[in-house]
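The chain contents come next:
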Amino acid sequence: MGVAGVDGSSIASSVLVVEDERRIARLIELELVHEGFHVELAFDGATGLRLALEKNFGVILLDLMLPGMSGLEVCRTLRKQKRTPIIILTARDSTGDKVEGLDAGADDYVTKPFVTDELLARIRAALRRGMAREELVAFDLQVFPEERRAVRAGQNLELTTREFDLLHFLLRNVDKVLSRDVILRRVWGYDFEGETNVVDVYIRYLRMKVDEPFSTPLIHTIRGVGYVLRRP
Ligand code: CA
């Protein structure tokens, strides 16, 4: 288990591009990196699926015509386990392909050759939708971001805005050790100028509500590093 860096923890800005035409893949990568996204490339379906299952991406751009495992197979297989937003990239613009892609669990499609601005707009929209419908569960803890509601063992947790934001961030990075600095920057913001022990104070508040009334603690201190919300 490593310490999540600022990049590693920003799922919402990471994009997986699964595209066998390397020139196109590199072009997309260049545009996305320019827009501030973290990008990973896969040049075949099986690699794309493995990365999509192993890591948490904000959105996946998926070509349909891939060597070996097709884009549709990747889509169907991934959907059995994860709801990461998928945008299909396809050179084929027949209605049938689009319908098949959407039926396989894709969220949207872009026809190649695409206009970069349109692709970026669709990525941003998919990221927004993905974040809103995110299912955040660890053991008996559930967080519903859209409703800003947290539930443990069927009981609603009464959290302040900051406590909710902190719990949401910890849960989005479940099993990942987060330094105080990363938590501070991501939950309180880059321009926060208060005391850094504010993180410790809020972790204490959270524990009183999230852990202490229940028998299994989920929030753990990693001495000298920071905190982790860990599945028991
Ligand atoms: Ca292709």
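As the structure is a prediction and not an experimental result, all values here were calculated from the model.

Parameters and conventions
Residues numbered from 1 in each chain as written. Predicted model: local features only at pLDDT ≥ 70, side-chain atom pairs only at ≥ 80, totals over all residues. Heavy atoms only, no water. 1 Å grid on protein atoms, 1.4 Å probe; cavity = no way out; pocket = protein on both sides within 12 Å on 5 of 7 lines; lining within 4 Å. Points joined across faces, edges and corners; volume = space filled by probe spheres on them. Helix = DSSP H or I, 4+ residues; strand = E, 2+ residues; numbered from the N terminus. Nonpolar A, V, L, I, M, F, W, Y, C, P; charged D, E, K, R; others polar. Phe/Tyr/Trp six-rings, centres within 6.5 Å; stacked < 30°, edge-to-face > 60°. Lys NZ or Arg CZ within 6 Å of the ring centre and 35° of its normal. Domains from an automatic or database assignment. Pairing = 2+ DSSP bridges. Axes fitted to C-alpha atoms, helices over the stretch in contact; angles between N-to-C directions. Salt bridge = Lys/Arg side-chain N within 4 Å of Asp/Glu carboxyl O. Buried < 20%, exposed > 50% of the residue type's maximum accessible area, 1.4 Å probe, protein only. Right-handed = clockwise from strand over helix to strand, strands pointing away. Donors = N, O, S within 2.8 Å, 3.2 Å for Na, K, Ca; no water. Core = buried A, V, L, I, M, F, W, Y, C linked by side-chain atoms within 4.5 Å. Contact = heavy atoms within 4.5 Å.

Undergrad: Just checking my understanding: could you explain the layout of surface pockets for this structure?
TA: In this approach a probe as big as a water molecule rolls over the atoms, and the regions it shows empty are the leftover space. There is about 160 Å³ of room inside the second largest pocket. In terms of lining residues, the second largest pocket is bounded by R23, I24, L27, I28, E31, K112, P113, F114 and T116. The greatest single-element share of the lining of the second largest pocket, amounting to five residues, is contributed by helix α2 (residues 22-34). Along the lines of polarity and charge, the residues of the lining of the second largest pocket split into five nonpolar, one polar and three charged.

Undergrad: Looking at this structure, I do not really get the packing of aromatic side chains. What am I missing?
TA: What characterises a pair of aromatic rings is the spacing of the ring centres plus the angle enclosed by the ring planes. Per the stated rule, a full pass over the model turns up two aromatic pairs. Between W188 and Y202, the aromatic rings sit 5.5 Å apart at their centres with planes inclined by 70 degrees, giving edge-to-face as the arrangement. A residue pair is termed long-range when its members are at least 10 positions apart, and W188 in helix α8 (residues 180-188) and Y202 in helix α9 (residues 198-210) qualify at 14 residues. When the centroid spacing of 5.1 Å and the interplanar angle of 75 degrees are considered together, the rings of Y202 and Y205 count as edge-to-face. Taken together, the residues span about one helical turn, with Y202 and Y205 both in helix α9 at a distance of three residues. Chaining the aromatic ring pairs together yields one cluster made of W188, Y202 and Y205. R22 extends its terminal NZ or CZ atom over the ring of F43, reaching a point 3.9 Å from the ring centre.

Undergrad: What should I look at first to understand the domain arrangement of the protein in this one?
TA: Accessible area lost on assembly of the parts is the figure often given for the size of an interface. Partitioning the protein into domains gives domain 1 (8-134) and domain 2 (137-229). Taking the mean C-alpha position of each, domain 1 and domain 2 sit 30 Å from one another.

Undergrad: Can you walk me through the sheet that holds strand β2 (residues 38-42) in this structure?
TA: Note: strands within a sheet are paired through backbone hydrogen bonds, in either parallel or antiparallel orientation. The strand order β2-β1-β3-β4-β5 describes an open sheet built from five strands, whose pairing is parallel. Both outer strands of the open sheet, β2 and β5 (108-111), are each paired with one neighbouring strand and no more. On average, adjacent strands in this sheet sit at an angle of 20 degrees to one another, irrespective of strand direction.

Undergrad: Which parts of the structure should I look at to understand empty space enclosed by the protein?
TA: Scanning the model with the defined rule gives one cavity of 30 Å³ or more in all. Computed from the structure, the largest cavity encloses a volume of approximately 30 Å³. Around the largest cavity sit L16, V18, G48, A52, I60, L62, V74, L78 and I86, which together line it. Looking at the lining of the largest cavity, the elements with two or more residues in it are β1 (14-18), α3 (45-54), β3 (59-63) and α4 (71-79).

Undergrad: Could you clarify how one ought to interpret the pattern of salt bridges in this entry?
TA: Any two side chains of opposite charge can pair, so long as their charged atoms come close to each other. Scanning the model with the defined rule gives 17 salt bridges in all. Across the pair R50 and E54 runs a salt bridge whose closest N-O atoms are separated by 3.5 Å. Residue R50 and its partner E54 are both found in helix α3; the two are separated by four residues, about one turn of the helix. The network of salt bridges with shared partners includes E19, E21, D63 and K112.

Undergrad: How do you make sense of unusual backbone geometry when you look at a structure like this?
TA: Generally, phi is negative for residues other than glycine and the peptide bonds are trans, each holding for most cases. The amide bond that connects K112 to the next residue, P113, takes the cis arrangement and shows omega of -5 degrees. Its place among the elements puts P113 in the loop between β5 and α6 (116-133).

Undergrad: Explanation requested: the pairing of β2 in the structure shown.
TA: Side chains on a regular strand alternate between the two faces of the sheet. For β2, the tally of buried residues reaches four of five residues, placing the bulk of the element in the interior. Two strands pair when backbone bridges link them, and β1 and β2 are joined in this way by five bridges, in the parallel orientation. In the strand pairing of β2, V17 is matched with L41. For the handedness criterion, the β-α-β arrangement of β1, α2 and β2 is classed as right-handed.

Undergrad: Explain the coordination of the calcium ion to me, please; I cannot follow it from the model alone.
TA: The expected angle between donors at a tetrahedral four-coordinate metal is 109.5 degrees. At an octahedral six-coordinate metal it is 90 or 180 degrees. Each protein donor to the calcium ion is listed here as D20 (OD), D63 (OD) and M65 (O); together their distances run 2.1 to 2.3 Å. For D63, a relative accessible area of 3% puts it in the buried group.

Undergrad: For this particular structure, what's the right way to read the nonpolar core?
TA: Within soluble globular proteins, side chains that are nonpolar tend to cluster in buried spots. Ranked by size, the top nonpolar core spans 30 residues in total, and within it L167, L170, I183 and L229 carry the most contacts. Elements that contribute at least two residues to this core include exactly β6 (136-138), β7 (141-144), α7 (161-172), α8, α9 and β12 (226-229). The biggest single contributor to this core is α7, with six residues. Contact partners of L167, with chain neighbours within four places excluded, come to L141, V143, A150, L159, L206, V210 and L229. Residues V17, A25, F43 and V59 belong to the second largest nonpolar core, which totals 20 residues.

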